[in-house]
Amino acid sequence: MGLKRRQLFVLTGSLGGLGLAMVVHKALTGAPFSGNSTPAYSEPKLTPAPTATAQAIAPKGLFAPVRGEVRIAVISDLNSAYGSTEYEPEVDKAIALIPDWQPDIVLGGGDMVAGQSPSLTQAEIQAMWASFDRHVAAPLRQAGLPFGFTIGNHDASAALAVSGKFLFAQERQLAAAYWNHPKHHPGLEFVDRAQFPFYYTFLHKEIFYLVWDASTSQIPAAQLAWVEKSLASATAQSAKMRIAIGHLPLYAVAVGRDELGEVLANADTLRAMLERYQVHTYISGHHHAYYPAHRGKLELLHSGILGSGPRPLLNSDLPPFKALTIIDINLAEHSTRYTTYNMKTLQVVDQKILPRLIVGPNGRVVRRDVQESELTASEQAMTYTPSN
């Protein structure tokens, strides 16, 4: 980033970022933080969003979208083969480029490391997290960028054995140990971190974020009660926008992931709950395919993959690709705008080349720029055909 651009970023960010700077200072200095269900301060404060500018900002040579009041960079599914400590070139490329989009925050859709294997030893799991820190987390901390993320099935799966115990208990313990180490603080303004990193809430730039543990298709009833209580809280409802994040999506969009265990169970019920509390967008990963959609009143961002194994979309002949999404938000209009880059070519993905709707085993989703009323009779009549 050139000197003038760095100066501009500092000036625009300083309008509302004092609270964030304090949090990032803790992350960079290793200052201790509270592990209780409430943060060290008594009442969460909404950090004012900066005044919107008409600046078009992107890394040099790339298409530059006009920056919104709040800008988010979304990455997901960074891992390679089981146990790998290596990352694909697109991961390193994305992390290197992200600061030049000048986002306020980076969100991750899960699968940061390559676990979910009973044969992995403690040393091997710790080595994966150390590599993640070198390739992803440390560069984001050094850039002063908060990182809000959800745990994926390859990070610390919540799958249960017949006994009711976690099948991957060691992976969950080591993931928690990594994220709760003071040096690895993600720079977030927590509201409730009692179960961090598995499920938690935080505030940033007048947006309330809820992260649930969607590392399997089943979210336990106790956690769903926490979700509802969190979304109903005065802190959540006084925010200008609410965003939820989880690894598994509500509805299937990708070939080979169109099975009931690869999406959240009771999707319509979960969607209705999110809609009831005016959640604007649910961001997910896991399907390794970018698809911007909506169903009912809920926006659905199926994040693209940066790691190994991109998948084709259902109802589409497009070849699979790796992607990163920039979200620009207008809080006054309660609107979002996506600019998604193919991370191999660095060209912007035209959403109109994506299928207008996708029909999966538990329901359909419609591309975000298409309304249900605009579907043709043949589109309305589409039924699910298994990909395998």
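Up top you'll find the structure we're talking about.
Only a predicted model underlies this, so the values are computations on that prediction, with no experimental measurement involved. (Residues numbered from 1 in each chain as written. Predicted model: local features only at pLDDT ≥ 70, side-chain atom pairs only at ≥ 80, totals over all residues. Heavy atoms only, no water.)

Q: Is there a simple way to explain the packing of aromatic side chains in this structure?
A: Aromatic ring pairs are described here by two measures, namely the spacing of the ring centres and the angle between the planes. Under the criterion given, the structure shown has 20 aromatic pairs. Ring geometry for F149 versus Y200: centroids 6.0 Å apart, planes at 55°, classification tilted. Of the two residues, F149 sits in strand β3 (residues 147–149) while Y200 sits in strand β5 (residues 199–204), which places them 51 residues apart along the sequence. Taken as a pair, F149 and Y200 share a single burial class, namely buried. When the ring centre of F198 is taken as reference, the NZ or CZ atom of R172 above it lies at 4.0 Å. If you follow R368 out to its NZ or CZ, it ends over the ring of Y338, 3.8 Å from the centre. (Phe/Tyr/Trp six-rings, centres within 6.5 Å; stacked < 30°, edge-to-face > 60°. Helix = DSSP H or I, 4+ residues; strand = E, 2+ residues; numbered from the N terminus. Buried < 20%, exposed > 50% of the residue type's maximum accessible area, 1.4 Å probe, protein only. Lys NZ or Arg CZ within 6 Å of the ring centre and 35° of its normal.)

Q: Explain unusual backbone geometry here, please?
A: In most cases, non-glycine residues show a negative phi, while peptide bonds are predominantly trans. Of note, the bond from F196 into P197 is cis; its omega dihedral lies within 30 degrees of zero at 10°. The backbone of K205 shows a phi angle near 50°, a positive value even though the residue is not glycine. Since its relative accessible area comes to 2%, K205 is described here as buried. The phi angle at N266 is positive, at roughly 55°, despite the residue not being glycine. Within the fold, N266 resides in the loop between β7 (241–245) and α9 (267–276). Judged by relative accessible area, N266 falls into the exposed class, the value being 56%.

Q: Before we go on, may I ask you to explain the environment of K165 in this structure?
A: Here K165 is to be found in the loop between α5 (153–156) and α6 (169–179). Those residues in contact with K165 that sit more than four places away from it in its chain are A159 and L160. (Contact = heavy atoms within 4.5 Å.)

Q: Looking at this structure, how should I read α9?
A: Count 3.6 residues to each turn of an α-helix, and residues three or four apart come out pointing the same way. Among all positions in α9, only A267, L270, R271, M273 and L274 are buried. Buried residues of α9, seen end-on, are gathered within an arc of 160° and therefore sit on one face of the element. Buried residues along α9 sit in contact with α7 (221–232), β7, β8 (281–284), β9 (291–295) and β10 (298–302). Positioned one or two residues after α9, Q278 has a phi angle of 55°, which is positive. (Arc of directions from axis to C-beta.)

Q: Is there a simple way to think about the packing of α7 against α9 in this case?
A: Axes are the key here: two packed helices are described by the angle between their axes and the distance separating the axes. Where α7 contacts α9, the axes come no closer than 10 Å and their chain directions differ by 20°. Considering the angle they form, α7 stands roughly parallel to α9. The element α7 and its partner α9 pack so that their crossing is right-handed. Together, L224, V227, E228 and L231 of α7 and L270, M273, L274 and R276 of α9 make up the contact between the two elements. When its residues are assigned to classes, the contact of α7 with α9 shows six nonpolar, no polar and two charged. (Axes fitted to C-alpha atoms, helices over the stretch in contact; angles between N-to-C directions. Parallel < 35°, antiparallel > 145°, perpendicular 65-115°, else oblique. Left-handed = near helix turned anticlockwise from the far one by under 90°. Nonpolar A, V, L, I, M, F, W, Y, C, P; charged D, E, K, R; others polar.)

Q: Honestly, the sheet that holds strand β11 (residues 323–330) in this entry has me stumped. Any pointers?
A: The pairing of strands in a sheet comes from backbone hydrogen bonds and takes either a parallel or an antiparallel form. The strand order β3-β2-β1-β11-β12 describes an open sheet built from five strands, whose pairing is mixed. A strand with exactly one partner marks an edge of an open sheet, and here the two such strands are β3 and β12 (335–342). Adjacent strand axes in the sheet meet at a mean angle of 25° when their direction is disregarded. As defined by bridge partners, strand β2 (residues 105–108) adjoins β3 across three bridges and the pair is classed as parallel. Bridged to L107 within β3 is G148. (Pairing = 2+ DSSP bridges.)

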